[in-house]
Amino acid sequence: MEQRLPLSRAVIVAAAVAVADRDGLDRVSMRRLGRHLGVEAMSLYNHVPDKAALIDAMVDEAFYAVPVPTDPDWRTGLRARGLAQRQMLRAHRWALGVVDARGTPGPATLRRQDATLGYLRAAGFSTRAAGHAYVLLDAYVVGFVSLERGLTFDAALGRSGSLLDADRLAGLPHLEELVRDVVSTGDEDATGFEAGLDLLLATVGTLVTPGPRTGTGSRRGAARSTRTP
């Protein structure tokens, strides 16, 4: 007989993410999760107060998988982060819509955001420039994934009215050519994303200030370095 993990918040959230990935977010319910985990639905409320809190926790778990950059070269670090964020959003297709609709990042996501800003500050970005760089990168990744989703036909979603529909492209020769030669083949997905990411990082590079950063963290570090042993 298969041994089940003890019921916990982490187990419930992981199960909910798995259901959403497989069947869609609208198929996530306390009753369905209870059956999935082999427990009564009411027992789940001992660990998560309601479905809204569960969905917030699911988003937090998904976004926490995007690592904080660690590479000494900030361009390499941010590039890796952008690639990982796109991969995460493609793996958890439901997450993007939830973020757009709710806008309530969880504590794990906030810690990731804070650490990434700290990475940029340590790389020489001012507080304002670090914020700009973070928002620009995030907006590019989210926007590109949204565009991919709109242009690519996905039978599993049962989407109608896609740009791939021939009727919608009638009389629009340049869009028809783009869809036929690039979008429908999938050739543009990875190469287009990475080319745009590299262009964005080149622009972000104009924001960085050469030399050591200034700010609270650096002042504390300077104070420590002047103390007598």
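The model shown is predicted, which means the values in this text are computed figures rather than measured ones.

Novice: Sorry, what's going on with the packing of aromatic side chains here?
Specialist: Where two aromatic rings form a pair, the distance of their centres and the angle of their planes describe that pair. Evaluation of the coordinates by the stated rule reveals four aromatic pairs. Taken together, a centroid distance of 5.1 Å and an interplanar angle of 85° make the contact between Trp74 and Phe125 edge-to-face. Linking Trp74 in helix α5 (residues 74-91) with Phe125 in the loop between α7 (107-122) and α8 (127-151), this pair joins segments that are 51 residues apart in sequence. Note on Trp74: relative accessible area 7%, which makes it buried. Residue Phe125 is classed as buried on the basis of its relative accessible area of 0%. Consider the rings of Phe144 and Phe193, whose centres lie 5.2 Å apart with planes at 70°: the pair is edge-to-face. Highlighted residues: Phe144 in helix α8 and Phe193 in helix α11 (residues 188-204), separated in sequence by 49 residues. A relative accessible area of 15% places Phe144 in the buried class.

Novice: Where do I start with the pattern of salt bridges in this structure?
Specialist: Close approach of charged atoms allows side chains of opposite charge to pair. Counted according to the given criterion, the structure contains three salt bridges. Residue Glu194 pairs with Arg79 through a salt bridge whose shortest N-O separation is 3.2 Å. Here Glu194 is found in helix α11, whereas its partner Arg79 is found in helix α5, with 115 residues between them in sequence. Assessed through its relative accessible area of 30%, Glu194 is described here as partly exposed. The partner of Asp198 in a salt bridge is Arg79, and the shortest N-O contact between them spans 2.7 Å. Placement of Asp198 in helix α11 and of Arg79 in helix α5 is noted, with a sequence separation of 119 residues between them. Each of the salt bridges in this network shares a partner with another, and the network as a whole consists of Arg79, Glu194 and Asp198.

Novice: Would you mind going over the nonpolar core with me for this structure?
Specialist: Nonpolar side chains tend toward joint burial in soluble globular proteins. Leu33, Leu54, Met58, Trp94 and Phe125 are the most contacted members of the largest nonpolar core, which has 48 residues in total. Looking at this core, the element that brings in the most residues is α8, giving nine residues. Once residues within four sequence positions are removed from consideration, Met58 is found in contact with Val13, Ala16, Val17, Ala20, Leu25, Val28 and Trp94.

Novice: What am I meant to see in a nonpolar patch on the surface here?
Specialist: There is a patch of nonpolar side chains on the surface, built from Leu172, Leu175 and Leu178 and spanning about 230 Å² of accessible area. Tracing the chain through its elements places Leu175 in helix α10 (residues 173-183). Leu175 sits in the partly exposed class, given a relative accessible area of 36%.

What counts as what
Residues numbered from 1 in each chain as written. Predicted model: local features only at pLDDT ≥ 70, side-chain atom pairs only at ≥ 80, totals over all residues. Heavy atoms only, no water. Phe/Tyr/Trp six-rings, centres within 6.5 Å; stacked < 30°, edge-to-face > 60°. Helix = DSSP H or I, 4+ residues; strand = E, 2+ residues; numbered from the N terminus. Buried < 20%, exposed > 50% of the residue type's maximum accessible area, 1.4 Å probe, protein only. Salt bridge = Lys/Arg side-chain N within 4 Å of Asp/Glu carboxyl O. Core = buried A, V, L, I, M, F, W, Y, C linked by side-chain atoms within 4.5 Å. Contact = heavy atoms within 4.5 Å. Patch = residues over 30% accessible without salt bridge, like charges linked within 9 Å, V, L, I, M, F, W, Y side chains within 5 Å. Areas by Shrake-Rupley, 256 points an atom, 1.4 Å probe, with all protein chains shown as cover.

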